[in-house]
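# Coordinate analysis (summary)
Next come the chains, spelled out residue by residue.
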Amino acid sequence: MRRVSRNRTAFVPTATLLLLALAGRAQAPQQPPVAPAEADPIGEVVARVVAAEQKLRSVRVELETTGELPSGLAVATRGTLRVLRGEQPATRTTLAFTLGDAVRGEMDSAQTTAGILVYEDDPAFGQVYLRFDPEVVADLEWAGQVLRKSDLPGMADGRARTPLGSGMLEGLRRGFVFVSDGRGDRAGDAGTWLVGTRRKGLDAEDPDLPVADRVELFVRTRDQAVLEVVYHTGDKVSQRIVASKVEVDVELPVSEFQVDGRGQRLRHVRQHQPMWELVEDALRQAEARAEAEAAKIADEALRPPTVRPSKRS
């Protein structure tokens, strides 16, 4: 729970990538799930959360994170995720972040069938208000799948796909062995507390694993929402993620998916060189990797596309 994460690569001073941290980098949906072991309590919890997510028509989640960089710089985020499913699916994420006492920023992003609108105000780009048309979104979605990345608008948003937190649980399951600690409530909410210790034999430099040696998490019974995840490094809390409010199957009018430009002129992403360079670089990398992977498949008929969707005839 676009996870600020303790992942080494998640701390970057732009709202777009801090959104990745908020949504849950540890979700790692591209990774195969860990094979269930005997008496696997987190496997049972994940199954319940997934089942609840599959039934959702809509959800609004308010999230807060606190943590610190390896340098000791404090990081905090506060955001809201809205997800609407059905014939006119839509998602919107708003995020405000602080780094220490001096650096602040915010982002507001909404995706509908018409494309993506993004407002950002951060140290990297300043204030920008951008539009990604459906063609660019389709290209980025493909690139994200090929590169197994989700750090640009349009790439698979793990938090939106698993809004109650099952993606984060699966990611944590890769790195930690969990047991139930017997507690059955949190601030009056009935649920399940699990405590995980780091799996043995993992690569200490793996950027997709949190820098923590113990994790506590709570899943509420009535809606199967992951309400809190606490990372411990040594004897200190290195990061805390809290879903302060979760509303399931709530009414989400069109107005909740409108992004205000705060006085900035709306531009197509192609007209904003810094962001467009990131987009083009990601697409070129995806095409190069897709071509390399396709070359390994002897039967040409079975090879997946090696160019972005907008280039296909």
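Keep in mind that what you see is a predicted model, and the values were worked out from it rather than measured.

Regarding its fold elements, the protein presents 6 helices and 13 strands. Relative to its full complement of 313 residues, the protein shows a buried share of 50%. Carbon and sulfur atoms make up 50% of the accessible area of the protein, which amounts to about 14800 Å² in all.

Turning our attention to the nonpolar core. Where a protein is soluble and globular, its nonpolar side chains tend to be buried together. Counting 33 residues, the largest nonpolar core has Leu172, Leu217 and Val229 as the members making the most contacts within it. For this core, the element with the highest residue contribution is helix H2 (residues 41-55), accounting for 5 residues. Among the nonpolar cores identified, the runner-up in size contains 23 residues, and Leu130, Met155, Val279 and Ala286 belong to it.

Within a regular beta strand, the side chains point alternately toward one face of the sheet and then the other, so they alternate between its two faces. Most of strand S5 (residues 115-122) sits inside the fold, with 6 of its 8 residues counted as buried. As defined by bridge partners, strand S4 (residues 103-112) adjoins S5 across 7 bridges and the pair is classed as antiparallel. When the bridges of S5 are listed, Thr112 appears paired with Gly115. In textbook terms, the turn of a hairpin is the stretch between consecutive antiparallel strands, and for S4 and S5 this stretch comprises 2 residues. In this sheet, strand S6 (residues 126-132) lies alongside S5 in antiparallel orientation, the contact comprising 7 bridges. Of the residues in S6, the one forming a bridge with Leu117 is Arg131. Turn length for the S5-S6 hairpin, with the two strands adjacent in sequence and antiparallel, is 3 residues.

Right, let's get into the pairing of strand S11 (residues 226-233). Extensive coverage of S11 is indicated by the burial of 7 of its 8 residues. By the bridge criterion, 6 bridges tie strand S10 (residues 214-220) to S11 in an arrangement that is antiparallel. Each residue of the ladder has a partner; that of Glu216, found in S11, is Val230. The hairpin formed by S10 and S11 contains 5 residues between the paired strands, and Gln224 there has a positive phi angle of roughly 60 degrees. Bridging between S11 and strand S12 (residues 236-248) involves 6 bridges; their strand directions are antiparallel. Along S12, the bridge assignment pairs Val229 with Ile241. The turn joining S11 and S12, which pair antiparallel and follow one another in sequence, is formed by 2 residues; a positive phi near 65 degrees is taken by Gly234.

Taken as a whole and judged by the stated rule, the model has 24 salt bridges. Ionic pairing is found between Asp133 and Arg270, a salt bridge with its closest N-O pair at 3.5 Å. Taken together, the residues span a long stretch of sequence, with Asp133 in the loop between S6 and helix H3 (134-147) and Arg270 in the loop between strand S13 (267-268) and helix H6 (273-294) at a distance of 137 residues. Accessibility expressed as a relative area gives 14% for Asp133, which makes it buried. The shortest N-O distance in the salt bridge between Glu216 and Arg214 comes to 3.9 Å.

Parameters at a glance
Residues numbered from 1 in each chain as written. Predicted model: local features only at pLDDT ≥ 70, side-chain atom pairs only at ≥ 80, totals over all residues. Heavy atoms only, no water. Helix = DSSP H or I, 4+ residues; strand = E, 2+ residues; numbered from the N terminus. Buried < 20%, exposed > 50% of the residue type's maximum accessible area, 1.4 Å probe, protein only. Areas by Shrake-Rupley, 256 points an atom, 1.4 Å probe, with all protein chains shown as cover. Core = buried A, V, L, I, M, F, W, Y, C linked by side-chain atoms within 4.5 Å. Pairing = 2+ DSSP bridges. Salt bridge = Lys/Arg side-chain N within 4 Å of Asp/Glu carboxyl O.

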